[in-house]
Amino acid sequence: MAGGGGPAKAEEPTPHPPKDQLPNVSYCITSPPPWPEAIILGFQHYVVMLGTTVLIPTALVPQMGGGNVEKAEVIQTLLFVAGLNTLLQSTFGTRLPAVMGGSLTYIVPTLSIIQAGRYNNIPDPILKFRRSMRGIQGALIVASTLQIVLGFSGLWRNVTRFLSPLSAVPLVSLVGFGLYALGFPGVVKCVEIGLPQLVILILIAQYLPHLLKFGRNVFKRFAVIFSVVIVWIYAVLLTVGGAYNNAAPQTQATCRTDRAGLISAAPWIRVPYPFQYGPPTFDAGEAFAMMFASFVALVESTGTFIAVSRSASATPLPPSVLSRGVGWQGLGILLSGLFGTASGTSVSVENAGLLTLTRVGSRRVVQISAVFMIFFSILGKFGAVFASIPPPIVAALYCLFFAYVGSVGLSFLQFCNLNSFRTKFILGISIFLGLSIPQYFNEFTAINKHGPVYTGARWFNDMVNVPFASAPFVAAIIAYFLDNTLQPRDSSVRKDRGKHWWDKFRSFKGDTRSEEFYSLPFNLNKYFPSV
């Protein structure tokens with residue numbers, strides 16, 4: 001070789017370096033997009049959160065004795081309270097761009113209240129609806145005290161200080177992946193609508209920005225609006241064209257765009273208010289069961305908060321900030337009980353996935369979405385139009401959003417040593433049992449119409465069955481226990497679990513960026529300091 005030198009040494013491949021903050025995010029928490037773009041993005045968040053908001057009253061209200069009018073009322077109330085809670089959480093809670101909405105975790109104890117014997121002999125269905133709603137309100141009001149105490153006392157701060165990247169992986173990943181039953185099974189209930197929605201959404205969000213030289217950011221950020229409008233028009237044409245005239249009732253209920261019954265039932269203007277169904281009633285057993293559901297929702301929301309902070313390109317949540325957010329979430333459950341939403345409050349997983357899709361983690365965008373929630377909850381007819389989106393379209397959105405949240409959970413593996421057998425054991429057993437145990441509980445319930453724990457006391461059954469039916473809860477408990485009991489003080493193990501990466505975020509003042517992302521407005525940190 002010329003020059004007499006030896007052959008050039010091949011460059012050694014190097015792993016991707018871990019990042020405290022997610023790179024390549026267009027707008028982080030404190031950098032809002034221009035107002036026109038922010039308003040459209042806020043409306044998109046509103047559309048996404050409607051899925052669960054409609055699903056919960058649709059499942060509960062008919063069993064309470066209510067019809068379409070009562071269902072529309074509960075949807076409006078749930079929207080109104082969700083808007084209030086989102087504003088409170090993003091302003092005074094964690095200050096993350098987290099949408100607060102109804103939680104599916106509360107459905108089982110709520111159904112137990114509805115099916116209580118004291119409501120069976122009420123002949124008037126509307127009276128039964130109001131009486132059972134008051135019972136649900138009483139249980140929610142009592143259950144809210146759990147999160148209020150754990151959050152504002154700092155007890156949850158002390159728990160989450162022992163959370164490491166390794167134990168966070170099963171929690172956050174199964175917050176998303178654990179909701180797989182709401183994804184493709186919902187799509188195929190009307191495959192000619194759901195499948196095109198999923199394909200068009202992926203095409204617009206992932207392929208068009210790379211195929212076209214113009215409008216790349218437009219397709220990335222507004223893929224949900226574009227795809228939903230296209231498929232919704234297609235669904236309307238199928239309905240008007242008579243495609244489902246002779247179909248089975250179940251097919252018509254999921255495919256037709258004129259069967260929700262919300263537009264005709266919703267009032268033009270209605271402002272929800274506390275105790276609109278009368279004074280709450282209280283039962284000790286039902287309150288305890290709802291409190292256990294509240295604790296499960298608390299663990300699930302912790303995982304979603306962590307996912308939101310990552311997707312918004314913020315630093316890891318200091319435990320004191322997370323505890324503060326839990327306290328405000330408890331106040332949100334209290335508001336749910338006072339207004340009568342038929343469900344407690346938790347962080348919306350689907351909206352956390354939308355943050356990752358759009359790469360916009362701006363706090364202002366989510367606060368704008370909260371304004372849309374309140375606005376359309378008052379103007380009932382207009383809100384009912386958007387709430388009438390066919391369920392298979394919503395299920396197709398869930399396929400992408402829940403997958404994104406699950407992948408955010410897996411991304412915390414970058415801080416862990418994957419060559420450690422300890423890491424493999426904790427990761428594998430927690431995720432496997434986190435999927436397997438709830439699968440057993442849910443299958444048993446589907447076949448036998450009751451959970452594996454079945455006694456004469458419904459409230460006791462719910463206290464056991466509800467926690468073990470939650471994938472993220474089971475996985476988090478197993479991972480947290482194993483990670484903090486298997487050689488936790490060994491210095492090499494500490495690095496294997498990624499704990500050293502999060503050390504500087506254990507205290508609010510450990511990293512200067514915490515002040516930027518999580519400090520309270522109006523100089524309130526002076527009076528309510530984070531530690």
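Reading guide: rules and limits
Residues numbered from 1 in each chain as written. Predicted model: local features only at pLDDT ≥ 70, side-chain atom pairs only at ≥ 80, totals over all residues. Heavy atoms only, no water. Core = buried A, V, L, I, M, F, W, Y, C linked by side-chain atoms within 4.5 Å. Buried < 20%, exposed > 50% of the residue type's maximum accessible area, 1.4 Å probe, protein only. Contact = heavy atoms within 4.5 Å. Phe/Tyr/Trp six-rings, centres within 6.5 Å; stacked < 30°, edge-to-face > 60°. Helix = DSSP H or I, 4+ residues; strand = E, 2+ residues; numbered from the N terminus. 1 Å grid on protein atoms, 1.4 Å probe; cavity = no way out; pocket = protein on both sides within 12 Å on 5 of 7 lines; lining within 4 Å. Points joined across faces, edges and corners; volume = space filled by probe spheres on them. Nonpolar A, V, L, I, M, F, W, Y, C, P; charged D, E, K, R; others polar. Axes fitted to C-alpha atoms, helices over the stretch in contact; angles between N-to-C directions. Parallel < 35°, antiparallel > 145°, perpendicular 65-115°, else oblique. Left-handed = near helix turned anticlockwise from the far one by under 90°. Salt bridge = Lys/Arg side-chain N within 4 Å of Asp/Glu carboxyl O. Patch = residues over 30% accessible without salt bridge, like charges linked within 9 Å, V, L, I, M, F, W, Y side chains within 5 Å. Areas by Shrake-Rupley, 256 points an atom, 1.4 Å probe, with all protein chains shown as cover.

J.: A description of the nonpolar core should follow, citing residues and the corresponding values.
T.: Judged by nonpolar contacts, the single largest core of 122 residues is most densely connected at Tyr46, Ile193, Val224, Leu357, Phe412 and Tyr518. Look past the residues within four positions of tyrosine 518 in its chain and what remains in contact with it is Thr94, Arg95, Leu96, Ser309, Ala314, Thr315, Pro316, Leu317, Pro318, Val321, Arg324 and Phe508. Listed in part, the eight residues of the second largest apolar core include Ile75, Leu262, Ala266 and Ala387.

J.: Kindly report on the packing of aromatic side chains, identifying the contributing residues and their values.
T.: Pairs of aromatic rings are described using the distance from one ring centre to the other and the angle between the two planes. For the coordinates displayed, the defined rule picks out 26 aromatic pairs. With 5.2 Å between their ring centres and 80° between their planes, phenylalanine 43 and phenylalanine 386 make a pair best called edge-to-face. Placement of the pair is phenylalanine 43 in helix α1 (residues 35-64) and phenylalanine 386 in helix α17 (residues 380-387), with a sequence separation of 343 residues. You can call phenylalanine 386 partly exposed: its relative accessible area is 23%. Between phenylalanine 375 and phenylalanine 376, the aromatic rings sit 5.2 Å apart at their centres with planes inclined by 75°, giving edge-to-face as the arrangement.

J.: If you had to explain empty space enclosed by the protein to someone new, which residues and values would you point to?
T.: Counted according to the given criterion, the structure contains five cavities of 30 Å³ or more. Taken as a whole, the largest cavity holds about 230 Å³ of empty space. Around the largest cavity, the lining is made up of 19 residues, and of these Ile306, Pro316, Leu317, Trp502 and Phe505 lie nearest the centre. Broken down by secondary-structure element, the contributors of at least two residues to the lining of the largest cavity are α13 (284-311), α14 (319-339) and α23 (499-502). Examining the composition of the lining of the largest cavity, we find that three residues originate from one element, α13, more than from any other. A volume near 80 Å³ is recorded for the second largest cavity. Lining the second largest cavity, in full, are Leu50, Ala72, Ile75, Gln76, Leu79, Leu262, Ala266, Phe376, Gly380, Gly383, Ala384 and Ala387. Of all elements in the fold, only α2 (68-92) and α17 reach the threshold of two or more residues within the lining of the second largest cavity. Residues of the lining of the second largest cavity, tallied by class, amount to nine nonpolar, three polar and no charged.

J.: Let's hear about the side chain of glutamine 252: which residues, and what values?
T.: Within the fold, glutamine 252 resides in helix α11 (residues 249-255). For glutamine 252, a relative accessible area of 10% puts it in the buried group. In this structure, glutamine 252 is in contact with Tyr244, Asn245, Ala247 and Arg259, ignoring residues within four places of it in sequence.

J.: Lay out the packing of α1 against helix α16 (residues 363-378) in plain terms, naming residues and giving numbers.
T.: Interaxial distance between α1 and α16 falls to 7 Å at its minimum, and their mutual angle equals 60°. When the axis of α1 is compared with that of α16, the two are oblique. Viewed along their axes, α1 and α16 form a crossing whose handedness is right-handed. Along its contact with α1, which presents Trp35, Ala38, Ile39, Leu41, Gly42, Phe43, His45, Tyr46 and Met49, the element α16 presents Arg364, Val365, Val366, Ile368, Ser369, Phe372, Met373 and Phe376. Classifying every residue of the contact of α1 with α16 by side-chain character gives 13 nonpolar, three polar and one charged.

J.: Tell me about the pattern of salt bridges, residues and numbers included.
T.: What the rule picks out here adds up to eight salt bridges. The partner of aspartate 503 in a salt bridge is arginine 494, and the shortest N-O contact between them spans 2.5 Å. The class for arginine 494 is partly exposed, based on a relative accessible area of 28%. Connected through salt bridges with shared partners, the residues Asp20, Lys504, Asp511 and Arg513 form a single ionic network.

J.: Explain the packing of α1 against α2 to me, using residue names and the numbers behind them.
T.: In a pair of packed helices, the angle between the axes and the distance between the axes together describe the arrangement. At their nearest, the axes of α1 and α2 sit 9 Å apart, and the two run at 135° to each other. The orientation of α1 with respect to α2, classified from their angle, is oblique. Classified by chirality, the crossing of α2 by α1 is right-handed. Every residue of α2 that contacts α1 at Tyr46, Met49, Leu50, Thr53, Val54, Pro57, Thr58 and Val61 is listed here: Glu70, Lys71, Val74, Ile75, Leu78, Leu79 and Ala82.

J.: I'd like a rundown of a nonpolar patch on the surface, residues and numbers included.
T.: Nonpolar side chains collect at one region of the surface, where Phe184, Val188, Val191, Leu195 and Val199 lie side by side and expose about 390 Å² of accessible area between them. Sort the elements by how many residues they give to the nonpolar patch and helix α8 (residues 191-211) lands first, with three residues. Note that valine 191 resides in helix α8. Using a relative accessible area of 37% as the deciding quantity, one classes valine 191 as partly exposed.

J.: Run through helix α3 (residues 107-114), naming residues and quoting values.
T.: Among the eight residues of α3, six are classified as buried, and the element is accordingly described as predominantly covered. Every buried residue of α3 is accounted for by Ile107, Pro109, Thr110, Ser112, Ile113 and Ile114.

J.: So, the layout of surface pockets: which residues are in play, and what are the values?
T.: When its volume is computed, the second largest pocket comes out at roughly 740 Å³. Lining the second largest pocket are 28 residues, with Leu55, Thr58, Thr254, Pro390 and Pro391 sitting closest to its centre. Of all the secondary structure elements, the ones that give two or more residues to the lining of the second largest pocket are α1, α7 (184-187), α11, α17 and α18 (391-410). The leading source of residues in the lining of the second largest pocket is α1, at five residues. Each residue belonging to the lining of the second largest pocket can be placed in one class, and the counts come to 17 nonpolar, seven polar and four charged.

J.: Residues and numbers for unusual backbone geometry, please.
T.: Unusually for a residue other than glycine, arginine 95 sits at a positive phi of about 70°. A residue is classified by how much of its surface remains accessible, and arginine 95, at 12% relative accessible area, is buried. Despite not being glycine, alanine 342 shows a phi value in the positive range, around 70°. Inspection of the secondary structure puts alanine 342 in the loop between α14 and β2 (345-347). Under the relative-accessibility criterion, alanine 342 is labelled buried at 2%.

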